[in-house]
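Fold and contact review
Residues per chain, in single letters:
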Amino acid sequence: MNRVTTIELSKEYMKFSAAHFTIFSAVERERLHGHNFQVSAEITLPVGSNGMCCNYRVYKQKLDGLCRELDEYLLIPARSPHLTVREEGDYYWVRFNGEEMPFLKADTQLLPICNTTVEDFSNFLLQKLVGSSEELQEYGVYQIVVRVSSGPGQSGSSQWRSGSAESWT
Ligand SMILES: Nc1nc2c(c(=O)[nH]1)N=C([C@H](O)[C@H](O)COP(=O)(O)OP(=O)(O)OP(=O)(O)O)CN2
């Protein structure tokens, strides 16, 4: 009988401190503020005859690295339909609803997301995890869920399922 397990990774260090503002419409957004965004993941995959699925350190290291890449930046959703960004010297000029905001490039990351929400952050990290992972095939991973929390009691998640996921559900 094929055994399946779900590895749950929610180490305290899997987090990124970031500034952002959520955009609610073409004319409404939050003021610039920050969070310690906490990241966790669940990887569902088969268990081998050795009683092990994979060395989960592979995913711990990937998630830690992804969090470090986002840590201590202002994160701007470059795909937002409500923002325009132009570069001028050392600055990005971010335009929203008729106002322009200058941000130092050195402090800022333009992310390929539509909004700096927990749902878009979780999908961004999931795509990074899935896209870079040769292990998906090697380990026969069925499903990966990435969850991002902006504070206690609130989070959003995104899920990837392999074509063979039906075989374990
Ligand atoms: N669907 C979503 N809605 C909101 C998100 C989000 O990521 N997805 N994010 C926000 C804001 O970024 C906000 O900073 C967090 O929301 P808020 O309700 O203000 O919660 P706090 O962190 O301030 O905690 P409270 O203790 O509830 O004040 C808004 N919406």
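Refer to the structure presented above.
Residues numbered from 1 in each chain as written. Predicted model: local features only at pLDDT ≥ 70, side-chain atom pairs only at ≥ 80, totals over all residues. Heavy atoms only, no water.

1. Considerations on the site of the ligand
Rules: Residues are counted as near a molecule or strand when any one of their heavy atoms sits within 4 Å of it. Here a polar contact is recorded for every N or O atom pair within 3.5 Å, except that within protein the pair must consist of a potential hydrogen donor and a potential acceptor, and residues adjacent in sequence are included only if both atoms are side-chain atoms. For the purposes of this entry, the term helix denotes a DSSP run of H or I that reaches at least four residues, the term strand denotes a run of E that reaches at least two, and both are numbered from the N terminus.
Every residue lining the ligand is accounted for by H20, T22, E30, H33, H35, T117, V118, E119 and Q154. V118 places a main-chain nitrogen or oxygen 2.9 Å from an oxygen atom of the ligand. E119 is positioned with one of its side-chain polar atoms (N or O) 2.8 Å from a nitrogen atom of the ligand. Elements represented by at least two residues in the shell around the ligand include exactly β3 (33-46) and α2 (118-131).

2. Remarks on the packing of aromatic side chains
Operational definition: Two rings from Phe, Tyr or Trp (for Trp, the six-membered ring) form a pair when their centres sit within 6.5 Å of each other. Planes less than 30 degrees apart are called stacked, planes more than 60 degrees apart edge-to-face, and all others tilted. Note on classification: 1.4 Å probe, protein chains only; a residue is buried when its accessible area is under 20% of the maximum for its type, exposed when over 50%, partly exposed between these limits. Whether a charge lies above a ring is judged from NZ of Lys or CZ of Arg, which has to be within 6 Å of the ring centre and within 35 degrees of the ring normal.
The final tally for this structure, using the stated rule, is three aromatic pairs. Between the aromatic rings of F16 and F37, the centroid separation amounts to 5.1 Å while the plane-to-plane angle is 20°, which identifies the pairing as stacked. With a gap of 21 residues between them, F16 in strand β2 (residues 15-20) and F37 in strand β3 connect regions that are remote in the sequence. Across the pair, exposure class does not vary: F16 and F37 are buried alike. Taking NZ or CZ as reference, R29 lies 4.8 Å from the ring centre of F21, over its face.

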